[in-house]
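These are the residues of each chain, in order.
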Amino acid sequence: MNSSHLPQLAQQQQLLVRATPATHSKIKGDLKMKNIAVRLWNNEMFGKTYGKGLRKSALYNGTIEITIPHVKYLIDLETSDAWVHHAKHPSHLKMLREKNITPIREPDTLMSWIVRYEHGVKTPVDGLCHFDLASTKLFIQIKDLEYRIDDTWELPVKECLNRTPGKPTPSLIATNYELKLVA
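In short, a report on the structure.

Counting residues in hydrophobic clusters, the biggest one holds 24 residues, and the most contacted among them are Val38, Ile64, Tyr73, Ile114, Phe131, Ile140 and Ile142. Only β1 (36-42), β4 (60-66), β5 (71-77), β6 (109-118), β7 (121-132), β8 (137-144), β9 (149-156) and β11 (172-175) provide two or more residues apiece to this core. Of all the elements, β5 adds the most residues to this core, at four residues. Once residues lying within four places of it in the same chain are set aside, the contact partners of Ile140 are Ile36, Val38, Ile64, Ile114, Leu128, Cys129, Asp151, Thr152, Trp153 and Leu155. Core analysis: the next-biggest nonpolar cluster, separate from the first, contains six residues, Trp83, Ala87, Met95 and Met111 among them.

See below:
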């Protein structure tokens, strides 16, 4: 080994020792699953009309947050028939057509398209989410080339019991890392 590479190697190893688990992932080329947190709220507008013959059909509204790179997505979990009916964006229609995605027609399953949310702008991305109410598992697939995200997650969903007065608290949460307590 060439001795001129030793200082660089020592510096890289020192960086890896000080890095957090999420940074390890970024340094090593995203070899492991990205940290993700999903928060779901009961949709209080469910069943209400927003136009002639149009009703809000999402049982849960939610957010998906990925820590590195920091990206936020929105989801509306609804029955599979409503989910297919709401496929209007070209990327979602393309997913249905080219990837032969068929809705899971079970009464205990809710599905959602995934929309990136940044600075008040909603941008549909290749991705979908389904929530199996029977097993309380959330399945997420996101392919967002702009942020170099192409991952799939399967997460257990837990009920949020610790409600802080005056602070919006989700009904359900799913994550693959430990969330920090916020005072």
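Burial of β8 is one-sided: the residues Leu138, Ile140, Ile142 and Asp144 facing one way are buried, the residues Lys137, Phe139, Gln141 and Lys143 facing the other way are not. Both β7 and β8 contribute to a ladder of seven bridges, which runs antiparallel. Within β8, the residue paired with Cys129 across the bridge is Ile140. The turn linking β7 back onto β8 is made up of four residues, and Thr136 within it adopts a positive phi angle of 50°. Sheet topology places β8 next to β9; eight bridges connect them, and they run antiparallel. Its bridge partner lying in β9, Ile140 is registered against Trp153. Between β8 and β9, which pair antiparallel one after the other, the connecting turn spans four residues, and Arg148 there sits at a positive phi close to 55°.

With respect to the helices and strands, the residue Lys34 is situated in the loop between α2 (21-27) and β1. If sequence neighbours within four positions are ignored, Lys34 has contacts with Ile66, Ile68, Pro69, Arg148, Ile149, Asp151, Trp153 and Asn176.

Cut-offs used in this document
Note on numbering: residues in each chain are counted from 1, in written sequence order. Given that this is a predicted model, residues contribute local features only at a pLDDT of at least 70 and side-chain atom pairs are listed and counted only at 80 or more, while totals for whole chains, interfaces and linings are drawn from all residues. Working from all heavy atoms in the structure, the side-chain values ignore hydrogens and water. Among buried residues, the Ala, Val, Leu, Ile, Met, Phe, Trp, Tyr and Cys ones that are joined through side-chain atoms within 4.5 Å form a nonpolar core. A 1.4 Å probe rolled over the protein chains alone gives each residue an accessible area, and that area as a share of the maximum for its type sets the label: buried under 20%, exposed over 50%, partly exposed in between. Numbering of helices and strands starts at the N terminus; helices are DSSP runs of H or I of at least 4 residues and strands are runs of E of at least 2. Residue contacts are counted whenever heavy atoms from the two residues lie within 4.5 Å of one another. Any two strands between which DSSP finds at least two bridges are classified as paired.

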